[in-house]
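Each chain, letter by letter, is given below.
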Amino acid sequence: MELKCTKEEFKALFDLVYAGNLLINGMREVDERIAPHSEMEQKIFAMAKEFGCEEFVEFDEEFNEYMPTRAYENSEVNDYIDAYEDKVFWEELVVRMSRRQALNELGDENPDMTSVELRQRQIELEEFYEDEFIENGIYHLKWIKPEIQTEEVAKKGSRLED
């Protein structure tokens, strides 16, 4: 692969490839990685020295691949990744809690709710949860352990009903 760019441009490319492959393959086991993305990351990592960025990577003999250095992982790229993960966390929490509550209302309070009403209720709840989390973070969240009956208790209960 031939690549012509400045050190600064290569650094930006390196960041994008690292973050992109982290998103695509970061949660996968080595043998489950999406190969084209891992392979492209390795090609870019191998070029780091050529662009004066050897402090970003080191070759790991055990895994037989280039790895980002601890210094690189602790650089500003990690701030970008953390900000992204934080944003996704809050957005997903709002959407999932809103959807759960809207579905609970559909099942418990308004079984005749239309899909349009359900969606509208979810949007209202998203606004509520977004405001709540902006103001209080997760401070008001509580885990309520569901009551789960063991098979033995369930059988005893059914015998009592007979």
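Residues numbered from 1 in each chain as written. Predicted model: local features only at pLDDT ≥ 70, side-chain atom pairs only at ≥ 80, totals over all residues. Heavy atoms only, no water.

Participant: Before we go on, may I ask you to explain the overall build of the chain in this structure?
Facilitator: A tally of helices and strands in the chain yields six helices and two strands. In the chain, the succession of helices and strands from N to C terminus is α-α-β-β-α-α-α-α. If you line up the chain on its principal axes, its C-alpha atoms span 75 × 40 × 30 Å. Across the 162 residues that make up the chain, the buried fraction comes to 25%. Across the chain, contacts joining residues at least 24 apart in sequence account for 53% of those joining residues at least 6 apart. Accessible area for the chain stands at about 12,700 Å²; split by element, carbon and sulfur atoms hold 53% of it. Across the chain, 19 positive and 42 negative side-chain charges occur, with their mean positions spaced 4 Å apart. (Helix = DSSP H or I, 4+ residues; strand = E, 2+ residues; numbered from the N terminus. Buried < 20%, exposed > 50% of the residue type's maximum accessible area, 1.4 Å probe, protein only. Contact = heavy atoms within 4.5 Å. Areas by Shrake-Rupley, 256 points an atom, 1.4 Å probe, with all protein chains shown as cover. Lys, Arg positive; Asp, Glu negative; His and termini not counted. Charge placed at Lys NZ, Arg CZ, Asp CG, Glu CD.)

Participant: Help me out: how do you make sense of the environment of Arg96 in this one?
Facilitator: Note on placement: Arg96 falls in helix α4 (residues 76-108). Counting along the chain gives 76 residues from Arg96 to Gly20, while the straight-line C-alpha distance between them is 25 Å.

Participant: When you look at the nonpolar core in this model, what are you seeing that I'm missing?
Facilitator: Nonpolar side chains tend toward joint burial in soluble globular proteins. Among the nonpolar cores identified, the biggest contains 15 residues, and Phe10 and Phe14 are the most heavily contacted of them. Where this core is concerned, the elements lending two or more residues are α1 (7-25), α2 (35-46) and α4. Examining the composition of this core, we find that four residues originate from one element, α1, more than from any other. Of all hydrophobic cores here, the second largest spans nine residues; its members include Met97, Leu118, Leu125 and Tyr129. (Core = buried A, V, L, I, M, F, W, Y, C linked by side-chain atoms within 4.5 Å.)

Participant: I would appreciate a short explanation of the packing of α4 against helix α5 (residues 115-136) in the present structure.
Facilitator: Helix-helix packing is described using two parameters, namely the angle between the two axes and the distance between the axes. Contact pair α4 / α5: the axes reach a minimum separation of 8 Å and the direction vectors enclose 135°. Between α4 and α5, the interaxial angle falls into the category oblique. By crossing handedness, the relation of α4 to α5 is classed as right-handed. Residues Trp90, Leu93, Val94, Val95, Met97, Ser98, Arg99, Gln101, Ala102, Leu103, Glu105 and Leu106 of α4 pack against Leu118, Arg121, Gln122, Leu125, Glu126, Tyr129, Glu130 and Phe133 of α5. Partitioning the contact of α4 with α5 into residue classes produces twelve nonpolar, three polar and five charged. (Axes fitted to C-alpha atoms, helices over the stretch in contact; angles between N-to-C directions. Parallel < 35°, antiparallel > 145°, perpendicular 65-115°, else oblique. Left-handed = near helix turned anticlockwise from the far one by under 90°. Nonpolar A, V, L, I, M, F, W, Y, C, P; charged D, E, K, R; others polar.)

Participant: Please clarify how the packing of aromatic side chains should be interpreted in this entry.
Facilitator: Both the distance between ring centres and the angle between the ring planes are used here to describe each pair of aromatic rings. Within this structure, the stated rule accounts for twelve aromatic pairs. Note on Phe14 and Phe45: the rings are 4.6 Å apart at their centroids and 20° apart in plane angle, and the pair reads as stacked. Of this pair, Phe14 sits in helix α1 while Phe45 sits in helix α2, and the two are 31 residues apart along the sequence. What links up through ring pairs into an aromatic cluster is the set Phe10, Phe14, Tyr18, Phe45, Phe51, Phe56 and Tyr72. (Phe/Tyr/Trp six-rings, centres within 6.5 Å; stacked < 30°, edge-to-face > 60°.)

Participant: Is there a simple way to think about a negative patch on the surface in this case?
Facilitator: A surface patch of negative charge is lined by Asp79, Asp82, Glu85 and Asp86. With respect to the element layout, Asp86 can be found in helix α4. The exposure class of Asp86 is partly exposed, given its relative accessible area of 44%. (Patch = residues over 30% accessible without salt bridge, like charges linked within 9 Å, V, L, I, M, F, W, Y side chains within 5 Å. Salt bridge = Lys/Arg side-chain N within 4 Å of Asp/Glu carboxyl O.)

Shape descriptors only; they carry no functional weight alone.
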